[in-house]
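Residues per chain are reported as follows:
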Amino acid sequence: MRKKIIAGNWKMNKTPSEAVELAKMLKEYVDTDKADVVFCVPAIDIIPVGEVIKGSNIALGAENMYFEESGAYTGEISPAMLTDAGVKYVILGHSERRQYFAETDETVNKKVKKALEHGLTPIMCCGETLEQREQGITIDFVRTQIKRGLYGISAEDVVKVVIAYEPIWAIGTGKTATSDEAEEVCGAIRAVIGEVWGQDAAEKIRIQYGGSVNAKNAAELFAMKDIDGGLVGGASLKEEFKDIVNY
């Protein structure tokens, strides 16, 4: 039985002082052992939020990471910096990173490998545009993203990755894939994992849905066979997040 995982992606929101207040408020409601709960926060908020959730069942997550150990990479953050700060999870390949910062499947693959080397759990994102969905190529496109993003990773390590299916047309738009649409793609992701890494890996790997997840649709989405929780954007910044975690 795969344990559900609910991760909040705070994106570029909350100053350190605001982040502390939000974390304190949410901690009271989402400190649970029934699901894995992760706060993925801006880099500047990692240490103060880490202090707030210390001793709870809430895990600390980052929103990005570079694939080099150290060096002349101004503005980047290394995996060692994250682990030393208490980070356990890191979002990689989010569509906003791909769209605005020119990330590719190849750079995402490097980041996933480096995160695994350092004992971090990558939350690797995938998902199609509205145009690709209308063209009927969603499944083929997402399958390719999975194969490229996880290229060269062993079956033993691939089960340590969390995959987040986020249709780009549903991120921050208020539009949500129906539970059947989300399940179809998450099922296809599980199928490609089985084809490349084996059925045991396919059964163990956790696949989230993301894209305008809220308190009203969470229960229906998370009840689907191949959906193991959610990567939550806007709603993770509100008290509503507790209702998603405790669906």
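Residues numbered from 1 in each chain as written. Predicted model: local features only at pLDDT ≥ 70, side-chain atom pairs only at ≥ 80, totals over all residues. Heavy atoms only, no water.

**Looking at the sheet that holds strand β8 (residues 229-232)**
Note on sheets: strands pair through backbone hydrogen bonds, and any given pair is parallel or antiparallel.
Alright, step 1. With parallel pairing, 8 strands are arranged side by side around a closed barrel as β1-β2-β3-β4-β5-β6-β7-β8. Strand-to-strand, the axes of this sheet are offset by a mean angle of 25°, without reference to chain direction.
Alright, step 2. Pairing between strand β2 (residues 36-41) and strand β3 (residues 58-62): 5 bridges, direction parallel. Across the sheet, the residue bridging to F39 is L60, located in β3.
Alright, step 3. Strand contacts of helix α2 (residues 46-53): β2 and β3, with the helix running at about 175° to β3, the strand carrying the most contacts.
Alright, step 4. Relative to the sheet, helix α5 (residues 105-117) contacts β4 (89-92) and β5 (121-126), its axis offset from that of β5 by approximately 160°. (Pairing = 2+ DSSP bridges. Helix = DSSP H or I, 4+ residues; strand = E, 2+ residues; numbered from the N terminus. Axes fitted to C-alpha atoms, helices over the stretch in contact; angles between N-to-C directions. Contact = heavy atoms within 4.5 Å.)

**Overview of helix α9 (residues 179-197)**
Alright, step 1. Compared with an ideal rise of 1.5 Å per residue, which puts 19 residues at 27 Å, α9 spans 26 Å between its outermost C-alpha atoms and is within 8% of the ideal.
Alright, step 2. Taken together, the buried positions of α9 are occupied by S179, A182, E183, V185, C186, A188, I189, R190, V192, I193, G194 and W197. (Expected span 1.5 Å × (residues − 1). Buried < 20%, exposed > 50% of the residue type's maximum accessible area, 1.4 Å probe, protein only.)

**Focus on the pairing of strand β6 (residues 162-165)**
Look at any regular strand and the pattern is simple: side chains alternate between the two faces of the sheet.
Alright, step 1. Across the two faces of β6 the burial is the same, with V162 and A164 and I163 and Y165 all buried.
Alright, step 2. Examined bridge by bridge, β5 and β6 share 4 bridges and lie parallel to one another. Looking at the pairing, C126 lines up with Y165 of β6.
Alright, step 3. With 4 bridges connecting them, β6 and strand β7 (residues 206-210) associate as parallel partners.

Everything listed here is a matter of coordinates, which is why it stays silent on function.
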